[in-house]
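As a plain string of letters, each chain reads:
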Amino acid sequence: MSDWNEQEAQLIEWLSDMDEDNAFELAKRMLLEEHVDPLRVLELCRSAMDIVGQRFESGDYFLPELVLAGEMLDNIGAIAKPLIKTAPGEESKKLGKVLIGTVHGDLHDIGKNIVTFMLDINGFDVKDIGIDVPVKDFIAAINDYQPDVVALSGFLTLAFESMKETITAITAAGMRDKLKIMIGGGQIDETVRAYTGADAFGVNAVEAVTLSKNWMGAAA
Ligand code: B12
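Residues numbered from 1 in each chain as written. Predicted model: local features only at pLDDT ≥ 70, side-chain atom pairs only at ≥ 80, totals over all residues. Heavy atoms only, no water.

Enquirer: What am I meant to see in the packing of aromatic side chains here?
Expert: For any pair of aromatic rings, geometry is given as the distance between the ring centres together with the angle between the planes. Inspection of every chain in the model, using the stated rule, returns zero aromatic pairs. Above the face of the Tyr145 ring, Lys97 is positioned so that its terminal group lies 4.8 Å from the ring centre. Positioned over the ring face of Tyr145 is Lys127, at 6.0 Å from the centre of the ring. (Phe/Tyr/Trp six-rings, centres within 6.5 Å; stacked < 30°, edge-to-face > 60°. Lys NZ or Arg CZ within 6 Å of the ring centre and 35° of its normal.)

See below:
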């Protein structure tokens, strides 16, 4: 927390305290009037969500607070995302195809949507197949879309199992050698990567872009 200036700490506090109106107005002012880096604002949102998550775990918050947190993020994201700059020249050339979805059993999609958006503005063709995606739908979509990279998102611990199932099925279908698989969302680390059999994991949307660019042989 010590890394934040006063205004940033205020945004985190309002977001984590569910002070929806003040948080939205401040985020809007930072983005549209003060031209604060939108990625920085999204990072502040993420920190606030960690606090919300902790309060949920400790029984101070319940499902309605998680729902409201999701809505606040969506609203701020809608202003922030169009302000994220595309690197010059990246708009026209397509670097490769990425298929992305949240694995079955998991309904979280805010992080996935940011990843989709960032891959898109960084020159990838991205097909987003949504949330709670059954293994068979991933397989069908890979057959159909022929992606270079498959991105699996999931925030729940149970998503690790779904990711493993999905990757095992991709291997069983004989598609594993033709694509790279990255996973992300929530508490994913090297142990989870090894467990699921993914090629790599990323902790944020910038890492998702870097991994994909490296795999496509484009400078990150
Ligand atoms: C908002 C929220 C919800 C909303 C989701 C709304 C939505 N449309 O997504 C709602 C209310 C639906 C929800 C429901 C539930 N939730 Co919830 N939720 C959250 C909360 C507060 C924020 C999540 C979020 O969106 N963060 C913001 C994004 C932007 O986060 P981010 O991590 O920075 O995202 C980046 C990375 O994840 C990465 N990334 C994402 N995907 C990918 C993919 C790839 C390939 C890569 C490389 C990177 C990558 O890039 C993103 C952008 O930079 C978290 C707490 C937390 N600390 O995260 C709990 C949390 C995830 N939820 C939790 C729980 C328990 C639930 C429920 C089970 C509650 C219940 N009792 O019903 C349900 C589950 C429903 C289901 N089956 O999925 C737990 C999970 C615990 C666990 N370990 O399993 C958490 C951690 C809260 C907690 N601490 O207890 N939730």
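Enquirer: Would you take a moment to explain the pattern of salt bridges for this structure?
Expert: Between side chains of opposite charge, a pair can form as their charged atoms come close. As enumerated under the stated definition, the model contains nine salt bridges in all. Arg55 is the salt-bridge partner of Asp17, the closest N and O atoms lying 2.9 Å from each other. You can see Asp17 sitting in the loop between helix H1 (6–16) and helix H2 (20–33) and its partner Arg55 sitting in helix H3 (residues 38–57), a full 38 residues away along the chain. The partly exposed category is assigned to Arg55, whose relative accessible area is 26%. A salt bridge links Glu34 to Arg29; the nearest nitrogen and oxygen atoms lie 3.3 Å apart. With a relative accessible area of 37%, Glu34 lands in the partly exposed category. On the basis of relative accessibility, which here comes to 37%, the residue Arg29 falls in the partly exposed class. (Salt bridge = Lys/Arg side-chain N within 4 Å of Asp/Glu carboxyl O. Helix = DSSP H or I, 4+ residues; strand = E, 2+ residues; numbered from the N terminus. Buried < 20%, exposed > 50% of the residue type's maximum accessible area, 1.4 Å probe, protein only.)

Enquirer: I keep staring at unusual backbone geometry and nothing clicks. Help me out?
Expert: Only a minority of non-glycine residues have a phi that is not negative, and only a minority of peptide bonds are not trans. With phi around 50 degrees, Asp132 is a residue other than glycine that occupies positive phi space. Following the sequence through the fold, Asp132 ends up in the loop between strand E2 (124–128) and helix H6 (135–145). The phi torsion at Gln146 lies on the positive side, around 50 degrees, for a residue other than glycine. Along the chain, Gln146 falls in the loop between H6 and strand E3 (149–153). Classification of Gln146 by relative accessible area gives partly exposed; the value is 47%.

Enquirer: Would you mind showing me how to read the coordination of the cobalt atom of the ligand here?
Expert: Geometrically, a metal with four donors at the corners of a regular tetrahedron has ideal angles of 109.5 degrees, and one with six donors at the corners of a regular octahedron has ideal angles of 90 or 180 degrees. Within the protein, a single donor atom binds the cobalt atom of the ligand, namely His108 (NE2) at 2.3 Å. Here His108 shows up in the loop between strand E1 (96–102) and helix H5 (110–121). (Donors = N, O, S within 2.8 Å, 3.2 Å for Na, K, Ca; no water.)

Enquirer: When you look at the site of the ligand in this model, what are you seeing that I'm missing?
Expert: Inspection of the region around the ligand gives 37 residues, with Arg46, Leu107, His108, Asp109 and Thr157 positioned closest. Between the ligand and the protein, one listed contact pairs a nitrogen atom with a backbone N or O atom of Gly53 at 3.0 Å. Between the ligand and Thr157, the relevant distance is 2.7 Å, taken from a nitrogen atom to a side-chain nitrogen or oxygen of the residue. Elements supplying a minimum of two residues to the shell around the ligand: H3, helix H4 (63–80), H5, E3, strand E4 (180–184) and helix H9 (205–215). The greatest single-element share of the shell around the ligand, amounting to seven residues, is contributed by H3. Of the residues contributing to the shell around the ligand, the split by class is 20 nonpolar, 12 polar and five charged. In terms of domain composition, the shell around the ligand takes at least three residues from each of domain 1 (6–83) and domain 2 (96–215). (Near = heavy atom within 4 Å. Polar contact = N/O pair within 3.5 Å; in protein donor to acceptor, adjacent residues only side chain to side chain. Nonpolar A, V, L, I, M, F, W, Y, C, P; charged D, E, K, R; others polar. Domains from an automatic or database assignment.)

Enquirer: When you look at the pairing of E4 in this model, what are you seeing that I'm missing?
Expert: Each regular strand displays side chains that alternate between the two surfaces of the sheet. Burial analysis of E4 places four of its five residues in the buried class, the great majority of the element. Here five bridges tie E3 to E4, and the two strands are oriented parallel to one another. From the neighbouring strand, Val149 faces E4, where its bridge partner is Lys180. Between the parallel elements E3 and E4, the chain passes through helix H7 (residues 158–172) in a crossover that is right-handed. (Pairing = 2+ DSSP bridges. Right-handed = clockwise from strand over helix to strand, strands pointing away.)

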